[in-house]
Structures are given as structure tokens and as C-alpha cells.
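# Commentary on secondary and tertiary structure
Chain by chain, the residues run as shown.
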Amino acid sequence: MKNNTIIDNRMQNLGITRKYKGYYQLKLAIELALEDEDRLCSVAKNLYRPVAEICGCSQCSVYRNICTLSDNIWNYHYDALSRIAGFKLTNKITATDMIAILVADILRSQYNNVS
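Okay, so let's go over this structure. Treat the numbers as computed from the prediction; the structure is a model and nothing was measured.

Each value, and the rule that gives it
Residues numbered from 1 in each chain as written. Predicted model: local features only at pLDDT ≥ 70, side-chain atom pairs only at ≥ 80, totals over all residues. Heavy atoms only, no water. Helix = DSSP H or I, 4+ residues; strand = E, 2+ residues; numbered from the N terminus. Phe/Tyr/Trp six-rings, centres within 6.5 Å; stacked < 30°, edge-to-face > 60°. Patch = residues over 30% accessible without salt bridge, like charges linked within 9 Å, V, L, I, M, F, W, Y side chains within 5 Å. Areas by Shrake-Rupley, 256 points an atom, 1.4 Å probe, with all protein chains shown as cover. Salt bridge = Lys/Arg side-chain N within 4 Å of Asp/Glu carboxyl O. Lys, Arg positive; Asp, Glu negative; His and termini not counted. Charge placed at Lys NZ, Arg CZ, Asp CG, Glu CD. Axes fitted to C-alpha atoms, helices over the stretch in contact; angles between N-to-C directions. Parallel < 35°, antiparallel > 145°, perpendicular 65-115°, else oblique. Contact = heavy atoms within 4.5 Å. Nonpolar A, V, L, I, M, F, W, Y, C, P; charged D, E, K, R; others polar. Polar contact = N/O pair within 3.5 Å; in protein donor to acceptor, adjacent residues only side chain to side chain. Core = buried A, V, L, I, M, F, W, Y, C linked by side-chain atoms within 4.5 Å. Buried < 20%, exposed > 50% of the residue type's maximum accessible area, 1.4 Å probe, protein only.

Right, let's talk about the environment of N65 for a bit. Looking at the element boundaries, N65 is found in helix α4 (residues 59-76). For the pair formed by N65 and Q25, sequence separation is 40 residues and the distance between their alpha carbons is 7.9 Å.

Now the structure itself:
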């Protein structure tokens, strides 16, 4: 439950709201990656496929929806994304990059709260 609130807050800080079809797909992908970071090594197989099965859509739809979110973040919330990433981003991010940045930020904040 705690991760749900953190994920929602991070996504909303980047302008990702429930109005986007990919909102729940991205949230689920982040949850899965937080459970096992190795899922980030083969995103199509380890994240998009399980998300698609849970959401009842194709893996391609999941990818496309998350790409739309990634593009919107890059175009409209670049500064917030750079803050979350911890460095200035020079090249447009991929959907996988966005998931990895959000997962790293959430894990970093959890680590900082423990120490």
C-alpha cells in the first residue's frame, strides 16, 4: 500500500494522471520492477507481457501507452524528470528509461527513509 501512494505521487509530479490509458499499466510495471529489479533487464518479456496479461490487452498496446506517457513527460515535465533522475538528461528517454528512473527514485527514497 505504501508503494501505491509513492508511485501515484511520483507519477502525478510528472503530470501522469488517471486520464491516460497507460496510467495503470505504468503503475503496474513500476510495481513489478520494484518487486524484482531484474525485470528491467528484459522489459518486453518481464514487464510489458505480464502487464498486458493482467490488463487484458496486447504487449504492443502496453508499450505504446507507456511510450505516450514518456513522450509527454519529456515534452512537458522535463525539469521534474531531471530532478527525479538526479542528473540533466540530454537525450530523449525511452519508455524503459522512464520506468528505470521512477523505480530508482522510489528505491532511493525508501533507502533514505530507512537510514
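The next subject is the packing of aromatic side chains. Here the structure, examined in full by the defined rule, presents three aromatic pairs. Ring plane angle 85° and centroid distance 5.1 Å describe the contact between W74 and Y78, whose orientation is recorded as edge-to-face.

It is worth spelling out a negative patch on the surface at this point. Together, E35, D36, E37 and D38 give the surface a local cluster of negative charge. Within the element layout of this structure, E35 appears in helix α2 (residues 23-35).

The next point concerns the packing of helix α3 (residues 43-55) against α4. Two elements in contact, α3 and α4, have axes whose closest approach is 8 Å; the angle formed by their N-to-C orientations is 105°. In terms of axis orientation, α3 runs roughly perpendicular to α4. Residue-level inspection shows A44, K45, Y48, R49, V51 and A52 of α3 in contact with α4, the latter providing Q59, V62, Y63 and I66. Among the residues making up the contact of α3 with α4, the classes are represented as seven nonpolar, one polar and two charged.

This part takes up the side chain of S61. Relative to the assigned elements, S61 resides in helix α4. Polar side-chain contacts of S61 include one of 3.0 Å to the side chain of S58.

Let us now look at the nonpolar core. Residues I16, L26, I30, I66 and M98 are the most contacted members of the largest nonpolar core, which totals 37 residues. Taken together, the elements giving at least two residues each to this core come down to α1 (2-13), α2, α3, α4, α5 (78-85) and α6 (95-114). Excluding residues within four positions of it along the chain, I30 makes contact with I7, M11, L102, V103 and I106.

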